[in-house]
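# Working through the structure, step by step
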Amino acid sequence: MNSHARLALCFTALLGLAWSQEPARAARTLELEYLANEGFLLRGGGRTLLIDAFVTEPYGNYAAVPEELIQKLVSGAEGYATIDLALASHVHSDHFQAEPAAAFLAAHAETRFVAAPEVVAVLEHALGEEATKERLLARLPEARARLEERELGLELVRLPHSGGARTAAVQNLGHLLTVGGVRVLHVGDAERESAELDAHDLEGAKIDVALVPYWWLDDAAGLARVRALTGARELVAMHVPPDELAEVKARLAALDARILLFEKPGERRTLRLE
């Protein structure tokens, strides 16, 4: 082997060594814990938050958070000791109930509560003169607004509630969150076909995980609409009535086996995204 060949071989080996020693990109991690309906606990990057968590009484054919689980949240049991932020999508009783929310806030001085004005008004009434009122933040943006809360990237997105004229007045908020470096969208009970969804350019928000009502994923056209709207890498179907779980699970599996579906309160999944 001549000197030029040896030099080339040595240079190639050095390049290979440098490549192998380059640090791998840290995976972004999000832990989701299912509570009930559209209720979730999210953990990531040392932060923990709740969405639609305070439901202790079944409403219609929708479930409630089991008593044992809600007691862990209120008491601050291991794994639930510090909750940075609590959010509610809207005032309907399958998403928010004032009594458990008031009990939770009374026990968690560290937690801020952010919701639309009609939710906060109900909660203020339940709290009475409690000092926890100072930790309530009522917001209803005309379209989309960013808040700086506890080092959590949070955008409130005003989205029309599904159901047409019957529920048009409901103050439904979607949430765009950055938790542990993972971009998460929770839409509440938004209407999938509304023009407002397109106007918000959610696909440009670089969403990693989208949590959407199961009826958004009723067929291939619905799935295509959701993927086009959100651009999300992971889809989570939520708000499934317990007595429809088997049927919905089978339909979603046939539609796209990658869609995530939580089956029971307290179930956890850790999502790792490169």
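See the structure above.
Residues numbered from 1 in each chain as written. Predicted model: local features only at pLDDT ≥ 70, side-chain atom pairs only at ≥ 80, totals over all residues. Heavy atoms only, no water.

### Points about the sheet that holds strand 3 (residues 47-51)
Just so we agree on the cut-off: Strands pair, by our definition, only if DSSP identifies at least two bridges between them. Helix and strand labels come from DSSP, where a helix needs a run of H or I of at least four residues and a strand needs a run of E of at least two; each type is numbered from the N terminus. Here the axes come from fitting lines to C-alpha atoms, over the contacting stretch only for helices, and the angles between their N-to-C directions go from 0 to 180 degrees. Contacts are residue-level and defined by heavy atoms, with any inter-residue pair within 4.5 Å sufficient.
Ordered in space as 6-5-4-3-2-1-14, the seven strands form an open sheet in which the pairing is mixed. In this open sheet, the two strands that pair with only one neighbour each are strand 6 (136-138) and strand 14 (268-273). The average angle at which neighbouring strand axes cross in this sheet is 20 degrees, direction not considered. In the packing of helix 4 (residues 117-127) onto the sheet, the strands contacted are strand 5 (112-115) and strand 6, and the crossing angle to strand 6 comes to about 150 degrees.

### With respect to the side chain of Arg-43
The following threshold applies: Partly exposed describes any residue whose relative accessible area lies between the buried limit of under 20% and the exposed limit of over 50%, with all areas from a 1.4 Å probe on protein chains only and scaled to the type maximum. Counting of polar contacts relies on pairs of N or O atoms within 3.5 Å, with two restrictions inside protein: one atom must be capable of donating a hydrogen and the other of accepting it, and residues adjacent in sequence are counted only when both atoms are side-chain atoms.
Its place among the elements puts Arg-43 in strand 2 (residues 39-44). Residue classification places Arg-43 among the buried residues on the basis of a relative accessible area of 15%. Within the structure, Arg-43 has its side chain in polar contact with the side chain of Glu-31 (distance 2.5 Å). Among residues more than four places away in sequence, those in contact with Arg-43 are Thr-29, Leu-30, Glu-31, Glu-33, Thr-48, Gly-79, Tyr-80, Val-179 and Arg-268.

### Concerning the environment of Gly-231
Within the fold, Gly-231 resides in the loop between helix 6 (220-230) and strand 12 (234-238). For Gly-231, a relative accessible area of 36% puts it in the partly exposed group. Taking the C-alpha atoms as reference points, Gly-231 and Ala-210, separated by 21 residues in sequence, lie 8.7 Å from one another. Those residues in contact with Gly-231 that lie beyond four places of it in its chain are Glu-203, Ile-207 and Val-226.

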